[in-house]
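Below, each chain spelled out in residue letters.
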Amino acid sequence: MKNVKTAKCVKCGREYPATPDITTCPSCGGILDIVYDYDYIKSQVSKEDMAAREDNSMWRYKEFLPVEEVADYPKLRVGWSPFYKEDRLAKILGVDTLYVKDDGINPTASLKDRASAMAIAKAKEAGVSTIACSSTGNAASSLAGNAAAAGMETYIFVPERAPKGKVSQLMMFGAHVISVKGSYEETFNLSKEAIDRFGWYNRNAAINPYLMEGKKTVALEIAEQLHWKMTDYVALSVGDGCTIGGVWKGFKDLYAAGFIDKLPRLISVQAEGCCPINRAVMEEKDWTPMEENTLADSIAVGVPRNPDKALNAIRESNGVPVNVSDDEILAAMRLLGETCGVFAEPAGAAGTAGVKKALEEGLVPKDCSIVSIVTGNGLKDTANAIKAAGEPIKLDPDLDQFMQAFPELS
């Protein structure tokens, strides 16, 4: 890979060759970061080149990705998700400019498809045909779907609280699904033991540095869809820390290569009942574990596996940590649906809930521009969607009853 220099540990700074199967730092166990040759990237591609490309997927950014030049890209079309300027919602929230990036439109309905597509590409480079991971749901279903399309086998570990919509995807894609009677931390530990024993390719984003490189493509898309004129803020939900770390990496890569001339501040949104990363930033302390007490299962991570990159992203971007209640998340689900026609799962709507709260509490100015990333589709968790939206009106097949239910139509 001519565009990649090395893999560097974010803890001890040691550097290693960026082989396809590298995971954590062999010396200290820290998370690795893929380091690029930005001069080489600038010599290979320009903004004008990018605009002329017909590949409307994450692979349109191949110069910014750690893949071989002859890479066999996965079959499913991942990326280039819709990007909406939402004037109605901006007016309701009281902010000058608001965009919504709907990543729930990806093949298995979440942003995690970006990481899984990268995992498939790197597993092929490594010559491994079986991939495994642990997940609260979205990473699991994205891996299962992308692997099925590539003809690869998967073993997937989920906590038993994972929503049925996500588990049904896993089963439909033919994955070997293990429902673990325990927390996400216990699920993660079991998956790691199995992966180490059987030599499967590790799709766990907190272990595999390449998966963050897949996730960062959402940031590359946002920048291009904004015609390389960045907004002041980008808001997203945070669980393990991999997504916010990837988003920040994407923006930094573009800035270093001269594609954008400013970096946005990140709005890091967590649930009040499970906010170890935001709490560490707010209290200016090291992070400590928390209970997983929120209905937003995708961000119910009490022991984040990628806290270093997440904390670095928030602090380096002069970011804004915002914690939201489950009721605020449910309200944001309704708000996105009613004003934007975007159907978000709880974690997917958390970013928008955080934007609303940050504006109400004066944490960000009203005369700014914001992108809110919706990370997953509402069909992932229909039980909470009904909780957010309410039940339909039930009537007999009688017009008089209908008119009584809607007197404003008389």
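Refer to the structure printed above.
For the structure given in this document, a descriptive report is provided here. Computed from a predicted model, the values in this text were never measured in an experiment.

Brief notes about the pattern of salt bridges
Scanning the entire structure with this criterion turns up 20 salt bridges. With its nearest N and O atoms 2.7 Å apart, the salt bridge here joins Lys216 to Glu213. In this structure Glu213 comes out as buried when scored by relative accessible area, which is 0%. Salt bridges sharing common partners tie together Asp33, Glu213, Lys216, Lys249, Asp253 and Lys309.

Quick look at the environment of Trp248
By the secondary structure assignment, Trp248 is in helix 10 (residues 242–256). According to the relative accessible area criterion, Trp248 is buried, its value standing at 5%. In this structure the C-alpha to C-alpha distance between Trp248 and Ala280, which are 32 residues apart in sequence, comes to 18 Å. What Trp248 contacts, discounting residues up to four positions off in sequence, is Leu263, Pro264, Leu266, Asn312, Ala313, Glu316 and Ser317.

Considerations on the side chain of Asn306
Within the fold, Asn306 resides in the loop between helix 11 (276–283) and helix 12 (307–316). Beyond its immediate stretch of four places on either side in the chain, Asn306 contacts Ile31, Ala205, Ala206, Met212, Asp240, Gly241 and Cys242.

What to know about the sheet that holds strand 2 (residues 15–16)
Read from one edge of the open sheet, 3 strands run 2-1-3, paired in antiparallel fashion. Two strands in the sheet have a free side with no partner beyond their single neighbour: strand 2 and strand 3 (32–36). Note that strand 1 (residues 4–9) and strand 3 share 5 bridges and pair antiparallel. Paired with Cys9 across the strands is Leu32, a residue of strand 3.

Calculation rules
- The numbers attached to residues start from 1 for each chain and follow its sequence in the written order.
- In keeping with the model being predicted, local features are shown solely for residues with a pLDDT of at least 70 and side-chain atom pairs are shown and tallied solely at 80 or more, while totals for entire chains, interfaces and linings include all residues.
- Note that water and hydrogens are dropped before the side-chain values are worked out from all heavy atoms of the structure.
- By salt bridge we mean one thing: a side-chain nitrogen of Lys or Arg within 4 Å of a carboxyl oxygen of Asp or Glu.
- Accessible area is worked out with a 1.4 Å probe on protein chains only. A residue is then buried under 20% of its type maximum, exposed over 50%, and partly exposed in between.
- Secondary structure elements are defined from DSSP: runs of H or I of at least 4 residues count as helices, runs of E of at least 2 residues count as strands, and each element is numbered from the N terminus.
- Any two residues whose heavy atoms approach within 4.5 Å at even a single point are treated as in contact.
- The criterion for strand pairing is that DSSP finds at least two bridges linking the strands in question.

Shape descriptors only; they carry no functional weight alone.
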